[in-house]
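Structure assessment
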Amino acid sequence: MKHNLLKRLTKMILAGTMIVAMLGMNVSAAGGHVEGSHLESITFKATIAVENENVPTPEVTFKYSKALPAVPSGTTDANGAPVYRGVFDAVNFDQTRITFAPGDPLTKEGTITFNTAKFTHVGIYRYLIKQTAGSDEGFTYDTSEYYLDVYVGNDETNGGYEVYAVNSFKKDAPETKADIEFVNEYESRYVTFTNINRGNMANLGMDFEYYVTINGPEGKTYTLIDKNNNARTITAGTRTWLSLGNKESATIYGLTDEDTYTIESTDFPGKDSYVTTITGADRTEGLTAYGDVIGGSDSVTFTNVKELPPATGIVLTYGPYAVLIAGAVLLGVLFLRRKSNSDF
């Protein structure tokens, strides 16, 4: 019994030791505030905001920089502790660029690291973190600027200094802590094309075949949502085949002002008995629609009509004879009436 009690006590002591060790290493974070012993880095986010979940991730690189803002004498944090202008080399980006490519998630993280050997005394050091606005097609860049306050204290374990807390907040809203995140809006457009079968002789269950090409920068990708709501990735300059039944549509997402589209209705046996009209495109030529999305998305409709004309052939063929016969009958009636009158 004593042996079992000793084993239980040993387990409790080990568990307590592990908890204490974990508490010593613990890092907590909440809405623009990170704290913990010996902080080595924090993360920030770069996000691409799109209007539709089917928009593919564009190829783009965002750039970031730090600066040492002017800190007026007497500046303090919310608790009254003095705030100092930062030491330039003590805070650095792990990478000053975050690059997105087709297929990537729409949010990525960057890292800001701390070099405690560069700090000269304990206190709160302030930095300015910002994004450099670019000129990539379709983007509206986030121009937010964030203050980063780094709390530096004595490292009683290793000597020197340690970072034990970090606060971040927007420059124009210093009263509210906020995580550092740059949200860049990406405005892309789409083209939808619809197939319609119509007419008293049309096969309403027949599919029509199409080829679609998006002409854009080399390597740029787009998302094609087909009639079954399946997504396909297509590349600029690639001719892609698909079929559409009556009242079925397909949509291509991710177009910007630099892109144009070509949609071809293909020939196949039996199609020559249909008359096809195209509406909604910027330009048409034969069975092909052309256009761009400058000024807004496009919706193109291909209407395929097959009609049997009314059965008017009998009237046209025998009509003259019917007139002659009717005239002869009328003359006969008049002749007989005149003869009857003369007999009296």
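Everything below is about the structure printed above this text.
Quick caveat, the model's predicted, so the values are computed rather than measured.

To continue, consider the pattern of salt bridges. With the rule as written, the count across this model stands at eleven salt bridges. Across the pair Lys 227 and Asp 207 runs a salt bridge, and its minimum N-O distance is 2.7 Å. Residue Lys 227 is located in the loop between β16 (221–225) and β17 (231–235), and its partner Asp 207 is located in the loop between β14 (189–198) and β15 (208–215); the two are separated by 20 residues in the primary sequence. We classify Lys 227 as partly exposed; its relative accessible area is 31%. Given the relative accessible area of 31%, Asp 207 is considered partly exposed. A salt bridge links Lys 220 to Glu 258; the shortest N-O distance between them is 3.3 Å. On the criterion of sequence distance, the pair formed by Lys 220 in the loop between β15 and β16 and Glu 258 in the loop between β19 (248–255) and β20 (260–265) is long-range, its members being 38 residues apart. Connected through salt bridges with shared partners, the residues Glu 187, Arg 189 and Asp 257 form a single ionic network.

Counted under the stated rule, the structure contains 17 aromatic pairs. Note on Phe 62 and Phe 100: the rings are 5.6 Å apart at their centroids and 70° apart in plane angle, and the pair reads as edge-to-face. With Phe 62 in strand β4 (residues 60–67) and Phe 100 in strand β7 (residues 97–100), this residue pair connects regions lying 38 residues apart in the sequence. Seen from their ring centres, Tyr 147 and Phe 169 are 5.8 Å apart, and the 65° between their planes marks the pair as edge-to-face. Note that Tyr 147 is positioned in strand β11 (residues 145–154) and Phe 169 in strand β12 (residues 161–170), a separation of 22 residues in sequence. Ring pairs connect the aromatic residues Phe 44, Tyr 64, Phe 93, Tyr 146 and Phe 182, which therefore count as one cluster. A cation over an aromatic ring shows up here: Arg 283 above the ring of Tyr 290, its NZ or CZ 4.2 Å from the ring centre.

If you trace the backbone, Ile 263 turns up in strand β20. Ile 263 sits 28 residues away from Gly 291 along the chain, and the two C-alpha atoms are 9.0 Å apart. The contacts of Ile 263, once residues within four sequence positions are left out, are Val 191, Phe 193, Tyr 210, Tyr 211, Val 212, Leu 287, Thr 288, Ala 289 and Phe 302.

Here we have five strands laid out as an open sheet, ordered β18-β15-β20-β23-β22, and antiparallel in their pairing. In the strand order of this sheet, the two ends are held by β18 (240–244) and β22 (283–285), each with one partner. Each neighbouring strand pair of the sheet contributes to a mean axis angle of 25°, computed without reference to strand direction. In this structure, β20 lies alongside strand β23 (residues 288–292), joined through five bridges in antiparallel fashion.

Moving on: the sheet that holds β19. Two modes of strand pairing occur in sheets, parallel and antiparallel, and in both the strands are linked by backbone hydrogen bonds. Read across the open sheet, the six strands follow the order β17-β16-β19-β14-β24-β21; overall the sheet is mixed. Both outer strands of the open sheet, β17 and β21 (275–279), are each paired with one neighbouring strand and no more. For this sheet the average axis-to-axis angle between neighbouring strands, irrespective of direction, equals 20°. Two elements, β16 and β17, share five bridges in a ladder whose sense is antiparallel. Bridge pairing in β17 places Ile 225 opposite Ala 231.

Phi at His 38 takes a positive value of approximately 55°, unusual for a residue other than glycine. Counting through the fold element by element, His 38 comes out in the loop between β2 (33–36) and β3 (41–49).

Okay, the nonpolar core next. Among the nonpolar cores identified, the biggest contains 34 residues, and Phe 62, Ile 112, Phe 114, Leu 148 and Val 150 are the most heavily contacted of them. If near-sequence neighbours (up to four positions away) are discounted, Phe 114 is found in contact with Leu 39, Glu 40, Ser 41, Ile 42, Ala 90, Val 91, Val 150, Val 163 and Val 166. Among the nonpolar cores identified, the runner-up in size contains 26 residues, and Leu 242, Leu 244, Ile 252 and Ile 278 belong to it.

With four of five residues buried, β18 lies mostly within the body of the structure. Bridge count between β15 and β18: five bridges; the pairing is antiparallel. Opposite Tyr 211, over in β18, you have Trp 241 as the bridge partner.

The rules we used
Residues numbered from 1 in each chain as written. Predicted model: local features only at pLDDT ≥ 70, side-chain atom pairs only at ≥ 80, totals over all residues. Heavy atoms only, no water. Salt bridge = Lys/Arg side-chain N within 4 Å of Asp/Glu carboxyl O. Helix = DSSP H or I, 4+ residues; strand = E, 2+ residues; numbered from the N terminus. Buried < 20%, exposed > 50% of the residue type's maximum accessible area, 1.4 Å probe, protein only. Phe/Tyr/Trp six-rings, centres within 6.5 Å; stacked < 30°, edge-to-face > 60°. Lys NZ or Arg CZ within 6 Å of the ring centre and 35° of its normal. Contact = heavy atoms within 4.5 Å. Pairing = 2+ DSSP bridges. Axes fitted to C-alpha atoms, helices over the stretch in contact; angles between N-to-C directions. Core = buried A, V, L, I, M, F, W, Y, C linked by side-chain atoms within 4.5 Å.

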